[in-house]
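Given next are the chains, with one letter for each unit.
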Amino acid sequence: MPLKDPESRKAYDRKRWIKRREKYNPRRRVMGKIQRESIKTEALAHYSKQSLGCAFCGESEIEFLTIDHIEGRKNTNHPKKLDGDHLYFWLKKNNFPSGFQTLCFNCNSAKEFMGRVKNLSITPKNITERNRRKKLKIEVFLHYSWLVPKCACCGIHQINFLTMDHIHGRKTTDKGSQHKSRDLYAYLKKTGYPSGYQVLCWNCNFSKDAKKEFRGICVHKRTVNQNRNEP
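The shown structure was predicted, so the numbers you read here are calculated from the model rather than taken from an experiment. (Residues numbered from 1 in each chain as written. Predicted model: local features only at pLDDT ≥ 70, side-chain atom pairs only at ≥ 80, totals over all residues. Heavy atoms only, no water.)

Moving on: helix α2 (residues 84-93). Buried within α2 we find Leu87, Tyr88, Trp90 and Leu91. Taken around the axis of α2, the buried residues stretch over an arc of 165°, which confines them to a single face. Seen from the open side of α2, the exposed residues pointing more than 90 degrees away from its buried face are His86 and Lys93. Looking at the residues trailing α2, positive phi occurs at Asn95, about 60°. (Buried < 20%, exposed > 50% of the residue type's maximum accessible area, 1.4 Å probe, protein only. Helix = DSSP H or I, 4+ residues; strand = E, 2+ residues; numbered from the N terminus. Arc of directions from axis to C-beta.)

In structure tokens form, the structure reads like this:
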């Protein structure tokens with residue numbers, strides 16, 4: 001092979017690189033996943049009060065846990081858009097600074113909601129509008145929960161823990177998948193409550209999409225199916 005020819009040399013190196021990529025990329029993905037899960041567990045455990053778990057309710061399933069900014073994101077000194085695995089790496093790199101705690105997604109959502117309540121306007125017009133949106137939200141939950149607002153997976157019924165879930169994902173659901181929050185509730189009622197949606201709590205909703213190999217299946221159902229298959 002005329003390796004002295006620059007173009008031939010580039011083609012030869014490209015083939016070698018492709019072979020090495022096919023060989024080592026799966027290994028790198030596995031090792032990277034192990035590292036990310038290890039650092040996440042370390043961060044969640046550090047910011048737990050005692051044993052690994054939510055500071056409010058004690059939930060210990062790791063797929064339900066996340067890092068919460070105690071005083072809000074604006075009062076922390078990390079980059080604004082730092083999230084997910086990047087946040088766990090940043091916390092470890094900076095020796096786990098104060099101002100954070102471990103919460104489950106349900107408690108995190110409820111905490112955020114209560115924080116917003118403190119700053120809400122108390123004018124009659126705004127109070128009426130909030131009551132209307134709350135009534136609409138409950139009406140939608142009632143329809144998709146068979147007249148009892150609760151999570152379709154774990155059965156939890158606290159209203160501030162519940163949200164609408166696209167069963168097959170936003171990309172495969174109809175055009176309503178582009179609507180979020182209160183706009184989605186209005187869309188669902190206006191279109192006659194189409195199929196493809198369900199009520200889930202925030203924990204089950206996040207767990208449903210947490211692991212690619214179990215995409216669409218919450219850890220609760222994975223555990224049940226595993227127990228059924230055991231001899």
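Right, let's talk about helix α4 (residues 124-144) for a bit. For α4, spanning 21 residues, the distance from its first C-alpha to its last is 31 Å, which sits close to the expected 30 Å at 1.5 Å a residue. Residues of α4 that are buried include every one of Leu136, Val140, Phe141 and Tyr144, and no others. Axial view of α4: buried residues confined to an arc of 135°, hence all on one face. Exposed side of α4, more than 90 degrees from the buried face: Pro124, Thr128, Lys134 and Lys135 are the residues found there. (Expected span 1.5 Å × (residues − 1).)

Should the charged atoms of two oppositely charged side chains come close, the side chains can pair. In the structure shown here, the tally under the stated rule is 8 salt bridges. The salt bridge partner of Glu63 is Arg222, with a shortest N-O separation of 2.9 Å. Highlighted residues: Glu63 in the loop between α1 (6-46) and β1 (65-69) and Arg222 in helix α7 (residues 219-229), separated in sequence by 159 residues. The pair formed by Glu63 and Arg222 is uniform in burial state, with each residue classed as buried. With a shortest N-O distance of 3.2 Å, Lys111 and Asp68 are connected by a salt bridge. Placement of the pair is Lys111 in helix α3 (residues 105-117) and Asp68 in strand β1, with a sequence separation of 43 residues. Residue Asp68 is classed as buried on the basis of its relative accessible area, which comes to 5%. Shared partners join several salt bridges into a network, and the residues in it are Glu129, Arg132 and Arg133. (Salt bridge = Lys/Arg side-chain N within 4 Å of Asp/Glu carboxyl O.)

Using the criterion set out here, one finds 8 aromatic pairs in the structure. Ring geometry for Tyr47 and Phe96: centres 6.0 Å apart, planes at 80°, overall edge-to-face. With a gap of 49 residues between them, Tyr47 in the loop between α1 and β1 and Phe96 in the loop between α2 and β2 (100-104) connect regions that are remote in the sequence. The buried category is assigned to Tyr47, whose relative accessible area is 8%. Judged by its relative accessible area of 15%, Phe96 falls in the buried class. (Phe/Tyr/Trp six-rings, centres within 6.5 Å; stacked < 30°, edge-to-face > 60°.)

In terms of burial, β1 is largely enclosed, as 5 of its 5 residues are buried. Residues of β1 alternate between two faces, with Leu65, Ile67 and His69 on one and Thr66 and Asp68 on the opposite face, all of them buried. Note that β1 and β2 share 5 bridges and pair antiparallel. Residue pairing across strands places Ile67 opposite Thr102, the latter belonging to β2. (Pairing = 2+ DSSP bridges.)

A separate point is the side chain of Arg222. On the basis of relative accessible area, Arg222 is assigned to the buried category, the value being 12%. Looking at Arg222, its side chain comes within polar contact range of the side chain of Glu63, at 2.9 Å. (Polar contact = N/O pair within 3.5 Å; in protein donor to acceptor, adjacent residues only side chain to side chain.)

A word on the pairing of β2. For β2, the buried fraction is high: 5 of the 5 residues fall into the buried class. Residues Phe100, Thr102 and Cys104 of β2 are buried on one face, and the alternating residues Gln101 and Leu103, pointing to the opposite face, are buried as well.

Within the fold, Cys154 resides in the loop between α4 and β3 (162-166). The exposure class assigned to Cys154 is partly exposed, which follows from its relative accessible area of 37%. Along the backbone, Cys154 and Cys201 are 47 residues apart, and their C-alpha atoms lie at a distance of 8.0 Å. If near-sequence neighbours (up to four positions away) are discounted, Cys154 is found in contact with Cys201, Cys204 and His220. (Contact = heavy atoms within 4.5 Å.)

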